[in-house]
Amino acid sequence: MTGGSIHDNTANSNGGGVYVNGGTFIMNGGSIYNNASPNGGGVYVNSGTVTITSGIIENNEASINGGGLAIGGTGSFTMDGGSINKNISVNGNGGGIYIESGNINYIEETIPLGTGGGLYLLRDFIKSEFFLINCDILIDANYSEILNYHKKKNNFITVVVAQ
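Just so it is clear, the model here is predicted, and its values are computed rather than measured. (Residues numbered from 1 in each chain as written. Predicted model: local features only at pLDDT ≥ 70, side-chain atom pairs only at ≥ 80, totals over all residues. Heavy atoms only, no water.)

Undergrad: Just to check I follow, could you spell out the side chain of Asn14 for this structure?
TA: The residue Asn14 is located in the loop between strand S1 (5-7) and strand S2 (18-33) in this model. In this structure the side chain of Asn14 is engaged in a polar contact, spanning 3.4 Å, whose partner is the side chain of Ser13. At 3.3 Å, the side chain of Asn14 forms a polar contact with the side chain of Asn39. Beyond its immediate chain neighbours, meaning those up to four positions away, Asn14 contacts Tyr19, Ser37, Asn39 and Tyr44. (Helix = DSSP H or I, 4+ residues; strand = E, 2+ residues; numbered from the N terminus. Polar contact = N/O pair within 3.5 Å; in protein donor to acceptor, adjacent residues only side chain to side chain. Contact = heavy atoms within 4.5 Å.)

Rendered as structure tokens:
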């Protein structure tokens with residue numbers, strides 16, 4: 001999504017505006033507003049990935065959890081810009097964001113630190129193996145296999161590149 005809007009929708013279960021189940025949703029602009037569902041009024045991530053670099057998720061409503069965004073299953077959410085505001089969870093938790101399971105990452109590099117600057121910002125949080133994805137394009141990779149390879153070889157670092 002690079003513009004436009006998703007608005008005034010209702011779902012009976014999850015994801016009033018957007019429901020991600022095993023796919024990828026990238027929001028580089030636009031808005032998701034005035035949507036409603038029991039979980040994830042604006043966006044629900046069951047499995048798969050949601051990435052927001054700019055855009056607005058606002059004025060969405062969940063009757064249970066995650067007015068703006070709810071993450072369940074094995075979903076993953078990364079936010080590196082944009083805003084989530086003025087959402088409501090009527091009878092549950094997470095007016096803006098609710099995480100049942102899955103992952104959420106948010107880093108804002110307010111002063112450009114050069115290559116690896118975002119990693120430098122994480123220095124106090126890294127306690128075990130992790131994935132750093134730093135690229136201009138997304139690659140189709142099996143991260144479970146990459147992690148297994150990394151552990152099997154007892155590597156300090158494993159780098160994956162694409163042609």
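Now that the structure is up, let's keep going.
Undergrad: I keep staring at the packing of aromatic side chains and nothing clicks. Help me out?
TA: Two descriptors summarise a pair of aromatic rings, namely the distance from one centre to the other and the angle between the planes of the rings. Applying the stated criterion across every chain yields a total of one aromatic pair. With a centroid separation of 5.6 Å and an interplanar angle of 5°, the aromatic rings of Tyr19 and Tyr44 are classed as stacked. Placement of the pair is Tyr19 in strand S2 and Tyr44 in strand S4 (residues 43-58), with a sequence separation of 25 residues. Assessed through its relative accessible area of 8%, Tyr44 is described here as buried. (Phe/Tyr/Trp six-rings, centres within 6.5 Å; stacked < 30°, edge-to-face > 60°. Buried < 20%, exposed > 50% of the residue type's maximum accessible area, 1.4 Å probe, protein only.)

Undergrad: Mind showing me how you'd approach the pairing of S2 here?
TA: The side chains of a regular strand alternate, first on one face of the sheet and then on the other. As paired strands, S1 and S2 are joined by three bridges and run parallel to one another. Opposite Ser5, over in S2, you have Ser31 as the bridge partner. Of the strand pairs in this sheet, S2 and S4 are connected by 13 bridges, and their pairing is parallel. Residue pairing in the sheet places Thr24 in a bridge with Thr49 of S4. (Pairing = 2+ DSSP bridges.)

Undergrad: So what exactly am I meant to see when it comes to the sheet that holds strand S5 (residues 61-65) here?
TA: What holds strands together in a sheet is hydrogen bonding between their backbones, with the strands either parallel or antiparallel. As summarised here, the arrangement of the three strands in space is S3-S5-S8, forming an open sheet in which the pairing is parallel. In this open sheet, the two strands that pair with only one neighbour each are strand S3 (36-39) and strand S8 (88-89). Pairing between S5 and S8: two bridges, direction parallel. By the bridge assignment for S8, Glu61 is matched with Ile88.

Undergrad: I tried to follow the nonpolar core on my own but got confused; where do I start?
TA: The nonpolar side chains of a soluble globular protein tend to be buried with one another. Core analysis: the biggest nonpolar cluster contains 14 residues, and Phe25, Ile32, Val43, Val50, Ile52 and Phe77 have the highest contact counts within it. Of all the secondary structure elements, the ones that give two or more residues to this core are S2, S4 and strand S6 (69-79). Once residues within four sequence positions are removed from consideration, Val50 is found in contact with Val20, Phe25, Val43, Val45, Ser76, Phe77 and Thr78. (Core = buried A, V, L, I, M, F, W, Y, C linked by side-chain atoms within 4.5 Å.)

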